[in-house]
Amino acid sequence: MDLDNANASQQSGSTIGNTVSVTFVTIGNKTVDGKVDTGATTSSLHAENISMDKNGSVSFVCPELSPNRISMALAGTQDVHSADGGGQARPMIKMDVEIDGHPIRDAVFNLNDRSNMDVMVLVGQNIIKAGGFLIDVAKDENPIATHESLEDAVGPDLELQA
């Protein structure tokens, strides 16, 4: 990623769908699927065994990004309130990422155990704004299936009615 041109790319924007490819440049260019969440103020990254030290560092495990424990500078904490009324303070980190190939420098992620969730990364308003992205929810939808494509998918033994 050409970080010198990252700010110019952030100004141009593009259209993204409900899901995006998130490449973590800071952590060895590992790419994972992310879900766009326009209701989330800050993006969120799956993390297990999170620990913060007195020197301003946070360490965590994210098997999708590295088999090793990851340590980086703590960028702050965020109070997050859930729909069920609960809340927690989550540590935040900054990383250089690419969203569908568009570079975003110093993207902020809060760390949260997302092991019970469908995706390990939520792309929130902070990254959507930084990239100048437009959201097209229809972009990810599968095209309408034709009679022939359904027959290919289910096999010739199933009778299909037009």
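Please refer to the structure placed before this passage.
Cut-offs applied
The numbering scheme is per chain: residues are counted from 1 as the chain's sequence reads. Confidence filtering applies because this is a predicted model: local features only for residues at pLDDT of at least 70, side-chain atom pairs given and counted only at 80 or more, and all residues used for totals across whole chains, interfaces and linings. The basis for the side-chain values is all heavy atoms of the structure; hydrogens and waters are excluded. Note on terminology: a nonpolar core comprises buried Ala, Val, Leu, Ile, Met, Phe, Trp, Tyr and Cys residues joined through side-chain atoms within 4.5 Å. Any residue under 20% of the maximum accessible area for its type is buried, any over 50% is exposed, and the rest in between are partly exposed; the area is computed with a 1.4 Å probe on protein chains only. Counting from the N terminus, the helices are DSSP H or I runs at least four residues long and the strands are E runs at least two residues long. We call two residues contacting when some pair of their heavy atoms lies within 4.5 Å. By the convention used here, strands pair only if DSSP detects at least 2 bridges between them. Lines fitted to C-alpha atoms define the axes here, with helix axes fitted over just the stretch in contact, and angles between the N-to-C directions of these axes take values from 0 to 180 degrees.

Peer 1: What is the right way to read the nonpolar core from this model?
Peer 2: By size, the foremost hydrophobic cluster in this structure holds 28 residues, and its most contacted members are Phe24, Leu45 and Phe109. Mapped by element, the contributors of at least two residues to this core are strand E2 (19–24), strand E3 (30–36), strand E6 (57–61), strand E7 (70–73), strand E9 (87–99), strand E10 (102–112), strand E11 (121–123) and helix H2 (125–131). Not counting residues up to four positions away in its chain, the partners in contact with Phe109 are Phe24, Thr42, Ser43, Ser44, Leu45, Pro91, Met92, Ile93, Met95, Val97, Val121 and Ile127.

Peer 1: Any chance you could explain the side chain of Thr23 here in plain terms?
Peer 2: Tracing the backbone shows Thr23 in strand E2. With residues up to four places along the chain from it excluded, the contact list for Thr23 reads Asn29, Lys30, Thr31, Asp96, Val97 and Glu98.

Peer 1: Would you explain the sheet that holds strand E5 (residues 48–52) in this entry?
Peer 2: In a beta sheet, neighbouring strands are held together by backbone hydrogen bonds and run either parallel or antiparallel to one another. One open sheet accounts for three strands, arranged E5-E6-E7; its pairing is antiparallel. Two strands close off the open sheet at either side, each with one partner strand: E5 and E7. The sheet shows a mean angle of 20 degrees between the axes of neighbouring strands, taken without regard to direction. In this structure, E5 lies alongside E6, joined through three bridges in antiparallel fashion. In the sheet register, Glu48 faces E6, and the bridge partner there is Val61.

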